[in-house]
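# Fold and geometry: a report
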Amino acid sequence: MKVTIKKLINDSKMINDVQKFLFDQIKREFGYGYVPKWHQDIMNMESYYIAPEKNNFFVAYNENREIIATIGIRAYDKDFPEFRNIYSKNTTSSIWRLFVDRKYRRCGLASKMFSVAETFANTCGYENIYLHTHKTLPGAIEYWTKMGFVVMLDSNDELETVHMDKKIHGMELNYHSSIFQYAVTL
């Protein structure tokens, strides 16, 4: 299988296709649709991922040019009281919207998507990567731990949210900042 990973650009068709993929994935994984307070980034992809220099969104396509995976990376922009003196938008990036279509799971695609985002974050000078996931997502905590993340806080809230981070400052990664298209054989 040949997979191509591209940077999201300000193209209305591409953005619409990505939004449709994301909401389909959210419906499948979480059982609900659009929630305004949780999905502002999806509705405003240009302002969250395309325009800011240190933010990005990557989209994986199969040989038929169908979207099969996504991942976003952006400056930390949350205001969790527990992390006010730990994370900042200047030193911390955050992972968003890593989804892999069910037909393409268990072949290393999620790891490849994360590698592309992590390399981008390192190139931008971020010192660490923050994310939150949920204990209700099968294998999520184990996956992120395998990627080098550590649990910072288990919220024990109704969504079973777990906050994690990974230090990346100074990592030696092989990356050319001008290349945003990858052809991957899985």
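For the structure given in this document, a descriptive report is provided here. (Residues numbered from 1 in each chain as written. Predicted model: local features only at pLDDT ≥ 70, side-chain atom pairs only at ≥ 80, totals over all residues. Heavy atoms only, no water.)

## Quick word on unusual backbone geometry
Under the convention used in this document: The helix count covers DSSP runs of H or I at least four residues long, the strand count covers runs of E at least two residues long, and both are numbered beginning at the N terminus. Throughout this description, buried means an accessible area under 20% of the type-specific maximum (1.4 Å probe, protein chains only), exposed means over 50%, and partly exposed covers the range between.
With a phi angle near 70 degrees, Arg-106 is a residue other than glycine that sits in the positive phi range. Within the fold, Arg-106 resides in the loop between β4 (92–100) and α4 (109–123). With a phi angle near 55 degrees, Glu-160 is a residue other than glycine that sits in the positive phi range. Structurally, the position occupied by Glu-160 is in the loop between β6 (150–154) and β7 (161–167). You can call Glu-160 partly exposed: its relative accessible area is 32%.

## So, the nonpolar core
Let me state the cut-off plainly: Take the buried residues of types Ala, Val, Leu, Ile, Met, Phe, Trp, Tyr and Cys, join any two whose side-chain atoms come within 4.5 Å, and each joined set is a nonpolar core. Any pair of residues with heavy atoms lying within 4.5 Å of one another is described as a contacting pair.
Judged by nonpolar contacts, the single largest core of 29 residues is most densely connected at Ile-95, Leu-109, Phe-114 and Trp-144. The greatest single-element share of this core, amounting to seven residues, is contributed by α4. Excluding anything up to four places from it in sequence, Trp-144 contacts Ile-95, Leu-98, Phe-114, Leu-131, Thr-133, Phe-149 and Met-164.

## Some remarks on helix α1 (residues 12–30)
In an α-helix, one turn spans 3.6 residues; hence positions three or four apart end up facing the same way. Rules: In this analysis, the expected span of each helix is defined as 1.5 Å times one less than the number of residues it contains.
Here α1 spans 26 Å end to end across 19 residues, near enough to the 27 Å set by a 1.5 Å rise per residue. Taken together, the buried positions of α1 are Met-14, Ile-15, Val-18, Gln-19, Phe-21, Leu-22, Phe-23, Gln-25 and Ile-26. Of the surrounding elements, those touching the buried residues of α1 are β1 (2–7), α2 (40–43), α3 (45–50), β2 (56–61), β3 (67–75) and β4. Backbone geometry just downstream of α1 places Gly-31 in the positive-phi region, at approximately 85 degrees.

## Side note on α4
Over its 15 residues, α4 extends 21 Å from the first C-alpha to the last, a length consistent with the 21 Å expected when each residue adds 1.5 Å. Regarding α4, the residues found buried are Leu-109, Met-113, Phe-114, Val-116, Ala-117, Glu-118, Thr-119, Phe-120, Ala-121 and Asn-122. With its phi angle positive at about 90 degrees, Gly-125 sits one or two positions after the end of α4.

## Quick word on the pairing of β3
For a regular strand, side-chain orientation follows a simple rule: the groups alternate between the two sheet faces. Just so we agree on the cut-off: We call two strands paired when DSSP finds no fewer than two bridges between them.
Within β3, nine of the nine residues are buried, which leaves it mostly tucked inside the rest of the structure. For β2 and β3, the ladder comprises six bridges, and the chain directions are antiparallel. Counterpart to Tyr-61 in the pairing with β3 is Ile-67. If you look at the hairpin formed by β2 and β3, you'll find five residues sitting between the two strands, and Arg-65 has a positive phi there, around 65 degrees.

## Things to note about a nonpolar patch on the surface
Convention followed: In this analysis, a patch consists of residues with relative accessible area above 30% that form no salt bridge, clustered at 9 Å for like charges and at 5 Å for the nonpolar side chains Val, Leu, Ile, Met, Phe, Trp and Tyr. Accessible areas in this description were obtained via Shrake-Rupley with a 1.4 Å probe; residue shielding takes into account the shown protein chains only. Take a side-chain nitrogen of Lys or Arg and a carboxyl oxygen of Asp or Glu: if they are within 4 Å of each other, that pair is a salt bridge.
Residues Ile-86, Val-150 and Met-152 make up a contiguous nonpolar surface patch of roughly 240 Å² in combined accessible area. Tracing the chain through its elements places Met-152 in strand β6. You can call Met-152 partly exposed: its relative accessible area is 35%.

## Quick notes on the pattern of salt bridges
Going through the model one piece at a time under the given rule, you end up with eleven salt bridges. The residue Arg-97 makes a salt bridge to Asp-41 at a minimum N-O spacing of 2.7 Å. With a gap of 56 residues between them, Arg-97 in strand β4 and Asp-41 in helix α2 connect regions that are remote in the sequence. Comparing Arg-97 with Asp-41 shows no difference in burial state: the two are buried. One network of salt bridges, with partners in common, ties together Asp-41, Arg-74, Asp-77 and Arg-97.

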